[in-house]
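Take a look at the letters that make up each chain.
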Amino acid sequence: MREKITKATALAVLAGALFIFCGVFCGFAGGYPAGTSVGGVDISGLTYARAEEKVRESLRRELSEKQLKITAGGKKYVFRYPEINVKTNLSSALAAAKKGGARPLERRYRLVCRESVLRGICDDFYRKSENAELIFDASAAEPFTYRAERSGQFLDGTVLAKAVDKALEGGFEEIKLQPERVPARITVEKLKRDTCLLSRFSTKYNASVTGRAKNIAQAANKLNGTVIAAGAEFSFNRTVGDRTRANGFFEAPIIFDGDFVSGVGGGVCQASTTVYNAALLAGMGIKEYHPHSLSVGYVEPSFDAMVSGKNADLRFVNRTGAPVYLVCRAENGKICAELYGRKSAYSYRRESVVTEVISPPEPEYAENENTKLRAAKDGLKSCGYLLTYKNGVLVGRKRIRSDSYAPVRGVLAKPEDSAPDGFAARFKIA
């Protein structure tokens, strides 16, 4: 008996629930009450499905009139339906409208595929900055040429996204943006400041003495175009290489053990001396130099720089904080070394002071006609000073070296009365 009552009760509850469901969701036989609207669209007397269709049609018309305009850097982008779409609370608004009255419709406009679309716009404006380029050609009359820098640009994606969201939430106001400029880190102006002429020094030689002249030219050719990085050390011997025939050098007079003798590479010391003086005038930090045993005629005392393939080098350090460029040329009896780099407030001048003249010993006479004659030459003691100027004003005078150059004993022809027949005549000075 109790089981039958329970079944009857359950059937009654189920029937009541079905009645309520049909009344709410199926029971709009007469449609929405009169005077009912959703989002300003009158749906009086319409079924749920017809009301939904009518509101959606109204939304499509609204969307067809909407335009999102973006102007950036002279380019225009316009987005319309279906690129612009809208998300609403239509379902809940229609459900609430069953009680009648005017029901608002929430709208949230959106740009379809927003992230990729905005990224594409930003990509249209992205340009990487390009630094200016320096071309160093030491063989050219003008050793430096420059390729101009190019500024980069970008459109700020965060700013663009916020502007789009604001326009979609508001009245679809036109968005106007400008790409931001990204200047190049290295400009032609900066490169020119780092390639100023720091110093120039030249010495003269006899171009008719072919072996020596060729050696000077060969050394200059190997030096020409050398770039010394900031903080790096220059070595003459490493740069020029061994003074051998295989390396392009010839037989010519050299100073050896206080005398002039023939050797491969004679004249190279004039190239090292020329570079040494250019380095002093450019403010380089001299690490190694060597004086000759005898004074030389192409530079003042205490400003020569002898080099030897094994025992003596010319070394200096670039202290300017930027690369230094060496241009070295030998032609028409003159070798010239130029150093280019970052200009400073300081400039330099050399000063040679002879402190003592040493007379040569009494000359000796040639033993026979095969003996090489030699003129006597004074020896010297000297000092070299480097004068420092700042913005043209002398701020320092420093003694950088003291040297002693040996005298040279002369070798003369024997007097005629003591010489073999023909010997004196051969060496007689006209």
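Structure shown above.
All figures in this text were calculated on a predicted structure; none of them were measured in a lab.

Enquirer: How would you explain unusual backbone geometry if you had to name every residue and give the values?
Expert: Residues Tyr-81 and Pro-82 are joined by a peptide bond in cis, for which omega reads 10°. Mapping Pro-82 onto the fold places it in the loop between strand 4 (75–79) and strand 5 (84–88). One non-glycine residue with positive phi stands out, namely Ser-302, at about 70°. One can find Ser-302 in the loop between strand 18 (285–288) and strand 19 (315–317). Here Asn-332, not a glycine, exhibits a phi torsion of approximately 55°, which is positive. Its place among the elements puts Asn-332 in the loop between strand 20 (324–331) and strand 21 (334–341). Overall, Asn-332 belongs to the exposed group, its relative accessible area being 78%.

Enquirer: Kindly report on the environment of Ala-345, identifying the contributing residues and their values.
Expert: As for its placement among the helices and strands, Ala-345 is situated in the loop between strand 21 and strand 22 (346–358). Between the alpha carbons of Ala-345 and Gly-392 there is a distance of 8.5 Å; along the sequence they are 47 residues apart. With sequence-adjacent residues up to four places away left out, Ala-345 is seen in contact with Tyr-389, Lys-390 and Asn-391.

Enquirer: Kindly report on the environment of Glu-331, identifying the contributing residues and their values.
Expert: Of note, Glu-331 is situated in strand 20. Given the relative accessible area of 52%, Glu-331 is considered exposed.

Enquirer: Before we move on, can you summarise the state of the cysteines with the specific residues and values?
Expert: When the sulfur atoms of two cysteines share a covalent bond, that bond is a disulfide. All chains considered together, the criterion is met by zero disulfides. Between Cys-336, a cysteine without a disulfide, and Cys-328, which holds the nearest cysteine sulfur, the sulfur-to-sulfur distance is 7.6 Å.

Enquirer: Which residues make up the nonpolar core, and what are the values?
Expert: Leu-223, Phe-234, Phe-236 and Leu-339 are the most contacted members of the largest nonpolar core, which totals 39 residues. Broken down by secondary-structure element, the contributors of at least two residues to this core are strand 13 (196–204), helix 7 (210–223), helix 8 (236–240), helix 9 (268–281), strand 20 and strand 21. If you tally residues by element for this core, the top one is helix 9, at nine residues. Excluding residues that lie within four positions of it along the chain, Leu-223 makes contacts with Phe-234, Phe-236, Thr-239, Val-240, Ala-271, Val-275, Leu-326 and Cys-328.

Enquirer: So what's going on with the pattern of salt bridges? Which residues, and what values?
Expert: This structure, assessed with the given rule, holds 22 salt bridges. Where Arg-315 meets Glu-233, a salt bridge forms, and the shortest distance between an N and an O atom there is 2.6 Å. Of the two residues, Arg-315 is situated in strand 19 and Glu-233 in strand 15 (residues 233–235); the sequence distance between them amounts to 82 residues. The closest approach of N and O atoms between Arg-315 and Glu-288, which form a salt bridge, is 2.7 Å. Separated by 27 residues along the polypeptide, Arg-315 in strand 19 and Glu-288 in strand 18 bring together distant segments of the chain. Owing to a relative accessible area of 23%, Arg-315 belongs among the partly exposed residues under this scheme. Here the salt bridges do not stand alone but share partners, grouping Glu-130, Glu-133, Arg-147 and Arg-150 into one network.

The rules behind the values
- Residues numbered from 1 in each chain as written.
- Predicted model: local features only at pLDDT ≥ 70, side-chain atom pairs only at ≥ 80, totals over all residues.
- Heavy atoms only, no water.
- Helix = DSSP H or I, 4+ residues; strand = E, 2+ residues; numbered from the N terminus.
- Buried < 20%, exposed > 50% of the residue type's maximum accessible area, 1.4 Å probe, protein only.
- Contact = heavy atoms within 4.5 Å.
- Disulfide = S-S within 2.5 Å.
- Core = buried A, V, L, I, M, F, W, Y, C linked by side-chain atoms within 4.5 Å.
- Salt bridge = Lys/Arg side-chain N within 4 Å of Asp/Glu carboxyl O.

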